[in-house]
Amino acid sequence: MKWIDTAYALLSSETRAELPLAISRKPFFLYPAHMQKNVPERWGERVSKLYSPATWSHIKHLGSSAGYAFNYDSPLSDTMDSHRLCMLAEKQGGPALQKDVVHEISRRYFEEGVPLADRSSLLEVASKFGVEGAEAYLGSDAGKERTVRFRDVLHQRNHYQLIKIVAACFTI
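Procedures and definitions
- Residues numbered from 1 in each chain as written.
- Predicted model: local features only at pLDDT ≥ 70, side-chain atom pairs only at ≥ 80, totals over all residues.
- Heavy atoms only, no water.
- Helix = DSSP H or I, 4+ residues; strand = E, 2+ residues; numbered from the N terminus.
- Buried < 20%, exposed > 50% of the residue type's maximum accessible area, 1.4 Å probe, protein only.
- Contact = heavy atoms within 4.5 Å.
- Areas by Shrake-Rupley, 256 points an atom, 1.4 Å probe, with all protein chains shown as cover.
- Axes fitted to C-alpha atoms, helices over the stretch in contact; angles between N-to-C directions.
- Parallel < 35°, antiparallel > 145°, perpendicular 65-115°, else oblique.
- Left-handed = near helix turned anticlockwise from the far one by under 90°.
- Nonpolar A, V, L, I, M, F, W, Y, C, P; charged D, E, K, R; others polar.
- Arc of directions from axis to C-beta.
- Phe/Tyr/Trp six-rings, centres within 6.5 Å; stacked < 30°, edge-to-face > 60°.
- Lys NZ or Arg CZ within 6 Å of the ring centre and 35° of its normal.

Below, the discussion takes up the overall build of the chain. When helices and strands are tallied, the chain shows nine helices and zero strands. Ordered by position from the N terminus, the helices and strands of the chain form the series α-α-α-α-α-α-α-α-α. Taking all 172 residues of the chain together, 39% fall into the buried category. In the chain, once contacts between residues fewer than 6 apart in sequence are set aside, the share between residues at least 24 apart is 71%. Carbon and sulfur atoms provide 56% of the accessible area of the chain, an area that totals close to 9,500 Å².

Once that is clear, we can look at the packing of helix H5 (residues 80–112) against helix H6 (residues 119–129). Between H5 and H6, the least distance of the axes is 9 Å, while the angle of their chain directions is 130°. Taken together, the axis directions place H5 and H6 in an arrangement best described as oblique. Seen along the crossing, H5 lies across H6 with a hand that is right-handed. Residues Asp81, Ser82, Leu85, Leu97, Asp100, Val101, Glu104, Ile105 and Arg108 of H5 form the contact with H6, whose participating residues are Arg119, Ser121, Leu122, Glu124, Val125, Ala126, Lys128 and Phe129. A breakdown of the residues in the contact of H5 with H6 according to their chemical character gives eight nonpolar, two polar and seven charged.

Once that is clear, we can look at helix H3 (residues 43–50). One full turn of an α-helix is made of 3.6 residues, so residues set three or four places apart face in the same direction. Among all positions in H3, only Trp43, Gly44 and Val47 are buried. Projected onto a plane normal to the axis of H3, the buried residues spread over an arc of 100° and lie on a single side. Each element contacted by the buried residues of H3 is listed here: helix H4 (55–65) and H5.

As enumerated under the stated definition, the model contains three aromatic pairs in all. With 6.4 Å between their ring centres and 40° between their planes, Phe70 and Tyr72 make a pair best called tilted. Across the pair, exposure class does not vary: Phe70 and Tyr72 are buried alike. Aromatic pair Tyr109 and Phe110: ring centres 4.9 Å apart, planes at 75°, arrangement edge-to-face. As far as the burial class goes, Tyr109 and Phe110 line up, both buried. Among the aromatic residues, those joined into a ring-pair cluster are Phe70, Tyr72, Tyr109 and Phe110. One residue, Arg84, lies across the ring of Tyr137, its end atom 5.1 Å from the ring centre.

A word on H4. For H4, the full list of buried residues reads Thr55, Ile59 and Gly63. All buried residues of H4 fall inside an arc of 65° around its axis, so they share one side. Of the exposed residues in H4, the ones pointing more than 90 degrees away from its buried face are Ser57, Lys60, His61 and Ser65. Gly67 occupies a position one or two residues after H4 and carries a positive phi of about 95°.

Shown next as structure tokens:
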């Protein structure tokens, strides 16, 4: 959702005062079948299968306009812990802290190819932004039930297609 922040910043201060913006990000599993630690498929391969190889250039353009230089070799992985960390950040510091954590996790994944399930990377992000107790939290089952509940609610409401479309446009 980096582009939302960019667009919002372009508004006048008077307009921003009249239209306060606070985005609360909730867990969404774009590919629930990949809820395991090691997935042999790469992000770019998945994009080609779901859409087309030509989609890459469009995504690259959209990503660069949002400040991302995409690395298509990023491995797919279980996103449970990254979602849990984002929810913990929101609990501790509200939407602003959550936004910082989401942006950093996204940058590491989409640009550096760091798997979303990489515990050491997630802990580095938590430390960088002052998310307290992240190691114990991620080492436990805390937040897993709530994360799965969000996933199930979105699935029951058939939000997957809409979010796949939004994700394809990289409103990350």
